[in-house]
Amino acid sequence: MKQRVITAVVALIIFIPIIIMGGIWVDIAAAVLGLVALSELLVMRKKLLVSPETIVSGIAVLMVILPDKWLGFLPPHLHLNFLVYVMVILLLIYSVVSKNRFSFDDAAVLTLGIFYIGMGFHYFIEARKVGFFALLFALLIVWITDSGAYMIGRKLGRHKLTPHISPNKTWEGSIGGTLVATVIVGLYAYFYPQGNYSLLTTILLIVIVSVIGQFGDLVESALKRYYGVKDSGKILPGHGGILDRFDSLLLVLPALHLLNFI
């Protein structure tokens, strides 16, 4: 527990100033976090971190994460979606060159990872562009839902939510986490209104996003269970890897874009 608390404090001391400063600092942070998250996926897949597939998929995930201004040096006809497609084709070609040491399945996993991780961190940047309080709004929903679900689940949890994926999660904890997030973040939205939304609409948004965030957590739990690992990585002592810490946000932030919030 002590190690977990120390890691959290150090991470927040680094993380909070970055999101306050915004701009290029958030761009760089999102890019670094995205690359580390992708490397965790590669390690779970038992792939070498110094390899052609790592280089190609790393370039692709950066293309998805970073704003268009970072690729302004490219000719106008080379659209971003086409360039990412080229990276995917290179992965498929490499499956041939490697004589299936790197297989079609491997290419499919990395392609999914590129968009799953890339889009999540791309909208991390986009949320900060909307404003510090907009990004904090998303972070608070995730953090408070997670903390509320943990505390209420420990005290009142009786009915398992998804025992085959995450045995410790309960329906009571899940519902409780969403209720706590709705109350606390609802108060936050009252004092710091978000966009042009009414308070009632914002509260409905909080409920939806809180549920989506929990699905993000479960998706990553399913991924770890499939690969037979406890944590996605070891970069954050006591907390695991970047995927462990950002799993909910990887779904929440694109969902907020879909809901026209960012």
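Just so it is clear, the structure is predicted and the values come from calculations on it, not from any experiment.

The rules we used
Residues numbered from 1 in each chain as written. Predicted model: local features only at pLDDT ≥ 70, side-chain atom pairs only at ≥ 80, totals over all residues. Heavy atoms only, no water. Helix = DSSP H or I, 4+ residues; strand = E, 2+ residues; numbered from the N terminus. Axes fitted to C-alpha atoms, helices over the stretch in contact; angles between N-to-C directions. Parallel < 35°, antiparallel > 145°, perpendicular 65-115°, else oblique. Left-handed = near helix turned anticlockwise from the far one by under 90°. Contact = heavy atoms within 4.5 Å. Nonpolar A, V, L, I, M, F, W, Y, C, P; charged D, E, K, R; others polar. Expected span 1.5 Å × (residues − 1). Bend = angle between axes of the 7 residues up to and from the residue. Buried < 20%, exposed > 50% of the residue type's maximum accessible area, 1.4 Å probe, protein only. Phe/Tyr/Trp six-rings, centres within 6.5 Å; stacked < 30°, edge-to-face > 60°.

### Quick notes on the environment of L66
The residue L66 is located in the loop between helix 3 (52-65) and helix 4 (80-97) in this model. The spacing of L66 and L243 is 177 residues in sequence and 18 Å in space, taken between C-alpha atoms.

### Here's the deal with the packing of helix 6 (residues 132-156) against helix 9 (residues 242-258)
Viewed as axis vectors pointing N to C, helix 6 and helix 9 meet at an angle of 135°, and their least axial separation amounts to 10 Å. By the criterion of interaxial angle, the relationship of helix 6 to helix 9 is oblique. Classified by chirality, the crossing of helix 9 by helix 6 is right-handed. In this structure, helix 6 contributes L135, A138, L139 and V142 to the contact, and helix 9 contributes S248, L249, V252, L253 and L256. Among the residues making up the contact of helix 6 with helix 9, the classes are represented as eight nonpolar, one polar and no charged.

### A few points about helix 9
An ideal rise of 1.5 Å per residue puts 24 Å on 17 residues; helix 9 measures up with 24 Å between its terminal C-alpha atoms. When the local axis directions of helix 9 are compared, the greatest deviation, roughly 30°, occurs at S248. Within helix 9, 12 of the 17 residues are buried, which leaves it mostly tucked inside the rest of the structure. Listed as buried for helix 9 are I242, L243, D244, F246, D247, S248, L249, L250, V252, L253, A255 and L256. Just past helix 9, the residue N260 takes up positive phi, approximately 65°.

### Observations regarding the packing of helix 2 (residues 24-44) against helix 3
At a minimum axis distance of 10 Å, the contact between helix 2 and helix 3 shows a crossing angle of 140°. One way to sum up the angle between helix 2 and helix 3 is to call them oblique. You can see that helix 2 and helix 3 cross each other, and the crossing is right-handed. Residues A30, A31, G34, L35, L38 and L42 of helix 2 form the contact with helix 3, whose participating residues are E53, T54, S57, G58, V61, L62 and I65. Grouping the constituent residues of the contact of helix 2 with helix 3 by class yields eight nonpolar, four polar and one charged.

### Quick look at unusual backbone geometry
Of note, the phi angle at K99 is positive, near 60°, even though the residue is not glycine. Relative to the helices and strands, K99 is located in the loop between helix 4 and helix 5 (104-130). Exposure remark for K99: the relative accessible area of 77% places this residue in the exposed category. If you check the backbone angles, N260 has positive phi at about 65° while not being a glycine. Tracing the sequence through the fold places N260 in the segment after helix 9.

### Focus on the packing of aromatic side chains
By the definition in use, this model includes 12 aromatic pairs. Residues F15 and F246 carry aromatic rings whose centres are separated by 6.2 Å and whose planes lie at 70° to one another, so their mutual orientation is edge-to-face. Taken as a pair, F15 in helix 1 (residues 2-21) and F246 in helix 9 lie far apart in primary sequence, 231 residues in all. In this structure, F15 and F246 share a single accessibility class: buried. Taking the centre distance of 5.2 Å and the plane angle of 85° together, the rings of Y190 and F191 count as edge-to-face. Exposure remark for F191: the relative accessible area of 59% places this residue in the exposed category. Here the aromatic cluster, defined as three or more aromatic residues joined through ring pairs, consists of F15, F121, F124 and F246.

Worth remembering: the numbers are spatial, not functional.
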